[in-house]
Amino acid sequence: MRLWHKLTIVSAAGILVAGAVLLGLDAADRAYPPPIDRAGQVSAEVLDADGQLLRAFATSEGRWRLKTDVSDVDPQFLRMLVAYEDRRFHDHHGIDALAIGRAALQLVTNGRIVSGASTLSMQVARLIEPRSGRSLSAKLLQVARAIQIERRLSKEQILDIYLTHAPYGGNLEGVRAASLAYFGKEPKRLTVAQAALLVALPQLPEKRRPDRNLAAAEAARKRVLERVAVIDAVGDGEAERAEATLVPAKRMQLPALAAHVAEAALRKAPQQREHRTTLKKQVQEGLELAAKNAAMRLGPKLSVAMVMADARSGEIVGEVGSADYFDASRSGWIDMTRISRSPGSTLKPFIYGLAFEQGLVSQETIIEDRPSDFFGYRPRNFDMSYQGDVTIREALQLSLNVPAVKLLDAVNPTRLMVRFRRAEVHPSLPPNETPGLAIGLGGVGVTLKDLVQLYTALANKGQPVRIGDGVTGMPGKIDGEPLLEPVAVWNIADILSGVIPPAGAPQRGIAYKTGTSYGYRDAWSVGYDGRYVLGVWVGRPDNGAVPGLTGYGTAAPILFEAFTKSGIATTPLPRPPSGAVRIAKADLPVSQRRFALNASGLLVNSIRESAPQIVYPPEGAHVDLGARNGQLSPLMLKLQGGRAPFRWLANGKPLPDLSRRRTNQWLPDGAGYSKLTVIDAMGRAASVGIFVD
């Protein structure tokens, strides 16, 4: 009994000592936790709408360290990594006793270190708390830290840290950065050869860098592929085939797309790690390639800017602020999508749209292109020649200046500016100036983004869309009245889609317009299909003149190339709305056969009759036509003033007969909004918009 009593006391003492030790270790663990928070210091990333990497920014210490999770990496790579580095990773708690015993035995037997015993957990400890030298104390600290890390993190979280921080030579850290630098792709899908190289490099990253020590990299990869555990992980024959694959000898540049958008995103949220944009990587790559190709052809000091937007959502899917962000000779750091410049003739479609909407002209209406004087303002065509009598269709397709100014004089420059405000676009005028006729030829300042926003209305049946900034802007539909009526928009698209593409460019089914600013300083081209609008600007950021620079000859070829390289399939232009028809010249009402306003805005051979005015139905009226036997009743139309005969149009479509009376009848096709227009013999028009209930 006395012996049993002693054993009990010793056992109790041992338990107490062990408990005290465990409590002490636990207290020490809490007092000196591993610096896991350091693992959070990673590169900021700018992503496209689908989460693909557009651009990464180096960390404050200049390292490319991209956040990487297990889900970001090919599962086969993970199996190879564990098989080569730490076969019992999923079974131990930070240290592998069997590996330590094996390494010690090999040291005693061979007199040198044959294999290490560091687990992945110990390597993670070293990565987050690096030591300048190798010593027993440093190794013991690693062991302690590994145990601490295992207590706090799951195996998957430990792997996440390793995948993010493993060194790959130079300033590359982590599997994603290495995969992008050496293979030009994300590590989600890796070949056996690629995975083996990524497993091999972190042991001696500087000595095995393939861009500097190709032979050492090949030898290291071979050792990985010859490891029995790795062979078991990849399958029979795969290792042998992988050895025959060449190791990449060059380091590629990490993605650096959308430089200006990326910089803007970082400025808005400098502490944020991920910045999601509305851009599409494929589109962005295509636009940037087209811009760089164009800049190389055009020569020094010239830059190229582009904006491509979804006309339905307003989201920017591609944006190029300059031909090359890093080219100082082109002032590449200046984002030319935001700089206000003269738009040349790119605003002309909106002038014609107003003329169509007001019933002043049809596509086959004849208009004169001859020298004209508008109270001292004498517009001239770009080539200094005149075409004489041309149709409205020809005048817009040829971008003739005199017809455009005549129409602007008729529709009123102020009214045009009001329409621009419907699209939330505010062109800048010289100080203390009111809108004048010069705005039709580029006498205002607009940005490329403003221009694209205006053109979204032409691609969207007249309804403008607010385009975003590519990052956190609020794109979307603009409430309120449309910029132009659908019939007028269709007429514009029908005309612009018939403009001949530049030499060598394919037919893409797009409508487009070009413009050249005064003094050959800016060349523009804006094109659209039924979904997307693409705007192109070419010029010098310092606003210098460039002889020979033109919208059609310089910007239009880039527009077509960029559309092609964007990879976006063409969406057909919208179908004609109700009332949209192309009327032959012989079928036009007398008042629309020739646009006959003189430079004063007065009708040629005008007489004293007042202009026509629709007195019923009034503007904005809701008319209940009470269906009879399933059909609507005719609507009585009344007007005052004007000179007979009168031509009535409903939604842009002429009613069957001319009338000399000031009353008429119209039978609507159905309920909804309609536009009624009357044109007298002198070409003067009046319009009202009504709702048929």
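Residues numbered from 1 in each chain as written. Predicted model: local features only at pLDDT ≥ 70, side-chain atom pairs only at ≥ 80, totals over all residues. Heavy atoms only, no water.

Moving on to the nonpolar core. The biggest cluster of nonpolar side chains holds 104 residues, and the ones touching the most others in it are Met 306 and Tyr 528. Top contributing element to this core by residue count: helix H18 (residues 448-459), with eight residues. The next biggest cluster of nonpolar side chains, apart from the first, holds 57 residues, and it includes Val 124, Leu 172, Val 175 and Ala 217. (Core = buried A, V, L, I, M, F, W, Y, C linked by side-chain atoms within 4.5 Å. Buried < 20%, exposed > 50% of the residue type's maximum accessible area, 1.4 Å probe, protein only. Helix = DSSP H or I, 4+ residues; strand = E, 2+ residues; numbered from the N terminus.)

Overall, antiparallel pairing links the five strands, which are arranged E7-E6-E14-E13-E12 in an open sheet. Edge positions in the sheet fall to strand E7 (316-320) and strand E12 (511-516), since each of these pairs with one other strand and no more. Pairs of neighbouring strands in the sheet enclose a mean axial angle of 10 degrees, with direction left out of account. Pairing between strand E13 (residues 522-528) and strand E14 (residues 532-539): seven bridges, direction antiparallel. The residue bridging Val 526 from the neighbouring strand is Gly 535, located in E14. (Pairing = 2+ DSSP bridges. Axes fitted to C-alpha atoms, helices over the stretch in contact; angles between N-to-C directions.)

Before going further, it helps to spend a moment on unusual backbone geometry. Looking along the chain, the bond that leaves Tyr 616 and enters Pro 617 is cis, with omega of 0 degrees. Geometrically, the link from Ala 644 to Pro 645 is a cis peptide bond, its omega value of 5 degrees lying close to zero. One can find Pro 645 in the loop between strand E17 (635-640) and strand E18 (647-650). Positive phi, close to 50 degrees, is recorded for Ala 258, a residue that is not glycine. We note that Lys 461 has phi near 60 degrees; this positive angle belongs to a residue other than glycine. In this fold, Lys 461 is placed in the loop between H18 and strand E10 (465-466). A relative accessible area of 56% means that Lys 461 is categorised as exposed.

The next point concerns the pattern of salt bridges. Applying the stated rule across the entire model yields 37 salt bridges. One salt bridge in this structure joins Arg 273 and Glu 45, with 3.4 Å as the shortest N-O distance. With a gap of 228 residues between them, Arg 273 in the loop between helix H12 (259-268) and strand E5 (274-276) and Glu 45 in strand E1 (residues 44-47) connect regions that are remote in the sequence. Residue Arg 273 is classed as partly exposed on the basis of its relative accessible area of 30%. Of the residues examined, Glu 45 reaches a relative accessible area of 2% and is grouped as buried. Residue Glu 263 is joined to Arg 55 by a salt bridge in which the shortest nitrogen-to-oxygen separation is 3.5 Å. Taken as a pair, Glu 263 in helix H12 and Arg 55 in strand E2 (residues 53-57) lie far apart in primary sequence, 208 residues in all. Look at the salt bridges and you will find they share partners, linking Glu 45, Arg 176, Glu 186, Arg 273 and Glu 274 into a network. (Salt bridge = Lys/Arg side-chain N within 4 Å of Asp/Glu carboxyl O.)

Time to look at the packing of aromatic side chains. Per the stated rule, a full pass over the model turns up six aromatic pairs. Both rings, one in Tyr 325 and one in Phe 326, keep their centres 5.2 Å apart while their planes meet at 85 degrees; by these two values the pair is edge-to-face. Of the residues examined, Tyr 325 reaches a relative accessible area of 23% and is grouped as partly exposed. We classify Phe 326 as exposed; its relative accessible area is 56%. (Phe/Tyr/Trp six-rings, centres within 6.5 Å; stacked < 30°, edge-to-face > 60°.)

Right, let's get into a nonpolar patch on the surface. Taken together, the side chains of Val 615, Tyr 616 and Met 636 make up a nonpolar region of the molecular surface, amounting to roughly 230 Å² of accessible area. Looking at the element boundaries, Val 615 is found in strand E15 (residues 613-616). According to the relative accessible area criterion, Val 615 is partly exposed, its value standing at 34%. (Patch = residues over 30% accessible without salt bridge, like charges linked within 9 Å, V, L, I, M, F, W, Y side chains within 5 Å. Areas by Shrake-Rupley, 256 points an atom, 1.4 Å probe, with all protein chains shown as cover.)

This brings us to helix H2 (residues 75-85). H2 sits mainly inside the fold: nine of its 11 residues count as buried. Among all positions of H2, only Gln 76, Phe 77, Leu 78, Met 80, Leu 81, Val 82, Ala 83, Tyr 84 and Glu 85 are buried. Buried residues belonging to H2 abut helix H4 (120-128), helix H6 (155-165), helix H7 (175-183), helix H8 (192-200), helix H9 (214-226) and helix H10 (228-234). (Contact = heavy atoms within 4.5 Å.)

Now for the packing of H2 against H8. At a closest axis distance of 9 Å, the pairing of H2 and H8 adopts a crossing angle of 45 degrees. Between H2 and H8, the angle is such that the two are oblique. Between H2 and H8 the crossing geometry is right-handed. Residues Gln 76, Phe 77, Met 80, Leu 81, Tyr 84 and Glu 85 of H2 form the contact with H8, whose own contacting residues are Val 192, Ala 195, Ala 196, Leu 198 and Val 199. Counted by class, the contact of H2 with H8 contains nine nonpolar, one polar and one charged residues. (Parallel < 35°, antiparallel > 145°, perpendicular 65-115°, else oblique. Left-handed = near helix turned anticlockwise from the far one by under 90°. Nonpolar A, V, L, I, M, F, W, Y, C, P; charged D, E, K, R; others polar.)

This part takes up a negative patch on the surface. A surface patch of negative charge is lined by Asp 232, Asp 236, Glu 240 and Glu 243. Tracing the backbone through its elements, the reader meets Glu 243 in helix H11 (residues 238-243). In this structure Glu 243 comes out as partly exposed when scored by relative accessible area, which is 32%. (Lys, Arg positive; Asp, Glu negative; His and termini not counted. Charge placed at Lys NZ, Arg CZ, Asp CG, Glu CD.)

Moving on, we get to the confidence of the model for the protein. Mean pLDDT over the protein stands at 87; residues scoring 70 or higher make up 88%. Scored below 50 in pLDDT, residues 20-25 makes zero contacts in the model with residues more than four places away or belonging to other chains. Note on residues 598-608: pLDDT is under 50 here. Beyond four places in sequence and across chains, it has 21 contacts. (pLDDT = per-residue confidence, 0-100.)

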